[in-house]
Amino acid sequence: MPRRRLPPDVTAATTGLVCIDESLRELYTVGYMHNHARMWVAAYLIHWLGVDWREGADLFYRHLLDGDPASNSLSWQWVNSTFSHKPYIFNRQNVERFSAGTFCARCPLAKVGCPFDDSYENLAWRLFGVTLAELEGRR
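Residues numbered from 1 in each chain as written. Predicted model: local features only at pLDDT ≥ 70, side-chain atom pairs only at ≥ 80, totals over all residues. Heavy atoms only, no water.

Draft legend 1. Examining empty space enclosed by the protein more closely. For the structure shown, the criterion picks out 1 cavity of 30 Å³ or more. Volume-wise, the largest cavity comes out at about 80 Å³. Taken together, Leu17, Val18, Cys19, Arg92, Val95, Phe103, Cys104, Cys107, Leu109, Ala110, Cys114 and Phe116 form the lining of the largest cavity. For the lining of the largest cavity, the elements supplying multiple residues, two or more each, are helix H2 (18-30), helix H6 (92-98) and helix H7 (102-106). Class assignment of the residues belonging to the lining of the largest cavity gives a composition of 11 nonpolar, no polar and 1 charged. (1 Å grid on protein atoms, 1.4 Å probe; cavity = no way out; pocket = protein on both sides within 12 Å on 5 of 7 lines; lining within 4 Å. Points joined across faces, edges and corners; volume = space filled by probe spheres on them. Helix = DSSP H or I, 4+ residues; strand = E, 2+ residues; numbered from the N terminus. Nonpolar A, V, L, I, M, F, W, Y, C, P; charged D, E, K, R; others polar.)

Here it is as structure tokens:
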């Protein structure tokens, strides 16, 4: 069962993951976050940390200047795979691609244990205990 509360390192933007922390700091300071970063943070909270999607949706809604309650909630449910067969996941290659490599270049975990540095196949197994084909409904 997902936990309801956000961990303190998320609310303080001190997870140690540059892609997550800098995205959260941008949200907290300017009220904006790039679309890909929104999905990374949502997936990280939901799938890696087990935070209930509603807690993340509340966090974003409190800080986003462009926040819309319906769109925000539906986006979080989509990442969670509510009403869908496939949850959204991302990996380090995705972060590098959509951040021009800047987050990973500055991250202390990049060389010693980035939790996102894996194939989608392995992440599907690690996070959900199924193959990527099963996760995508392609059995």
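Draft legend 2. Main features of the packing of helix H3 (residues 35-48) against helix H5 (residues 69-80). Remark: H3 packs on H5, axes separated minimally by 9 Å, with the N-to-C direction vectors making an angle of 60°. Put simply, H3 runs oblique to H5. When you trace H3 past H5, the crossing you get is right-handed. Across the interface between the two elements, Met39, Ala42, Ala43, Leu45, Ile46 and His47 of H3 pack against Trp76, Trp78, Val79 and Asn80 of H5. (Axes fitted to C-alpha atoms, helices over the stretch in contact; angles between N-to-C directions. Parallel < 35°, antiparallel > 145°, perpendicular 65-115°, else oblique. Left-handed = near helix turned anticlockwise from the far one by under 90°. Contact = heavy atoms within 4.5 Å.)

Draft legend 3. Looking closely at the packing of aromatic side chains. This structure, assessed with the given rule, holds 8 aromatic pairs. Ring geometry for Trp40 against Phe103: centres 6.2 Å apart, planes inclined by 80°, an arrangement best described as edge-to-face. Pair noted here: Trp40 is in helix H3 and Phe103 is in helix H7, with a separation of 63 residues, a long-range link. Each of the two residues, Trp40 as well as Phe103, counts as buried. A ring pair is formed by Trp48 and Phe90, whose centres lie 5.2 Å apart and whose planes are at 50°; its orientation type is tilted. Residue Trp48 is found in helix H3, and its partner Phe90 is found in the loop between H5 and H6; the two are separated by 42 residues along the sequence. Of the two residues examined, Trp48 and Phe90, each falls in the buried class. (Phe/Tyr/Trp six-rings, centres within 6.5 Å; stacked < 30°, edge-to-face > 60°. Buried < 20%, exposed > 50% of the residue type's maximum accessible area, 1.4 Å probe, protein only.)

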